[in-house]
Amino acid sequence: QVRLVESGGGLVQAGGSLSLSCAASARTFTNYDMGWFRQAPGKEREFVAAIRWKGGWEYYSDSAKGRFIISRDNAKSTVSLEMNSLNAEDTVVYYCAARGRSDYYVRPDFSYDYWGQGTQVTVSS
C-alpha cells in the first residue's frame, strides 16, 4: 500500500507559476512510476505528466509540454510538478498517482494503482 499526499495547490494569477508536491509513503519509492493527472468537474481525468521510477524519462501532455516540469527526489520519496505560464484552463484539481515499475504506457490512468486526495489549483485572470 502506498499513501500519497499532495500539497502546493492554491490561487495564482494568470501567467504565474505554482509548484505541486506529492509525498509518498512507499517503502521503496524507486519501485514506482509516478504521474500527475487532473480533473475538472464533469470531465474525465486527464494525464498531465509522468516520470518513470529511475527518473530521466519524463512524459507530458500536449498542454503541459513546455510549461510544466515533473521531477522526483528518490531520497525524499517525493515527486513535484512545477507549473509555469498558468492559464484559466489549468484551474482544476490535480492528483498524484503511483504504480509499480512498468514498461506500459504512462498516460492511461487505469495503469496507476494509488492516488492522492487531490489539490485544487485556481488560476485567476
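Residues numbered from 1 in each chain as written. Predicted model: local features only at pLDDT ≥ 70, side-chain atom pairs only at ≥ 80, totals over all residues. Heavy atoms only, no water.

Undergrad: Can you walk me through the nonpolar core in this structure?
TA: Note that soluble globular proteins tend to have their nonpolar side chains buried in a common cluster. Within the largest apolar cluster, 31 residues are counted, with the highest numbers of intra-cluster contacts made by Leu-4, Met-34, Trp-36, Leu-81, Met-83 and Tyr-94. Of all the secondary-structure elements, those providing two or more residues to this core are strand S3 (18–24), strand S4 (32–39), strand S5 (46–51), strand S7 (68–73), strand S8 (78–83), strand S9 (92–100) and strand S11 (119–124). For Leu-81, the residues in contact, after removing those within four places along its chain, are Leu-18, Ser-19, Leu-20, Trp-36, Val-48, Ala-49, Phe-68, Ile-69, Ile-70 and Tyr-94. Residues Phe-37, Phe-47, Val-106 and Tyr-112 belong to the second largest nonpolar core, which totals 6 residues. (Core = buried A, V, L, I, M, F, W, Y, C linked by side-chain atoms within 4.5 Å. Buried < 20%, exposed > 50% of the residue type's maximum accessible area, 1.4 Å probe, protein only. Helix = DSSP H or I, 4+ residues; strand = E, 2+ residues; numbered from the N terminus. Contact = heavy atoms within 4.5 Å.)

Undergrad: Help me understand the pattern of salt bridges in this model?
TA: Once the charged atoms of two side chains with opposite charge are near each other, the side chains can pair. Under the criterion given, the structure shown has 7 salt bridges. Notably, a salt bridge pairs Asp-33 with Arg-99, separated by 3.1 Å at the nearest N-O pair. Here Arg-99 lies in strand S9 and Asp-33 lies in strand S4, a separation of 66 residues in the sequence. The exposure class of Asp-33 is buried, given its relative accessible area of 0%. Given the relative accessible area of 1%, Arg-99 is considered buried. Here Arg-67 and Asp-90 are joined by a salt bridge, their closest N and O atoms 2.8 Å apart. Residue Arg-67 is found in the loop between strand S6 (58–60) and S7, and its partner Asp-90 is found in the loop between S8 and S9; the two are separated by 23 residues along the sequence. As far as burial versus exposure is concerned, Arg-67 and Asp-90 are alike and both buried. Salt bridges here are not isolated pairs; linked through shared partners, they connect Arg-38, Glu-46, Arg-67 and Asp-90. (Salt bridge = Lys/Arg side-chain N within 4 Å of Asp/Glu carboxyl O.)

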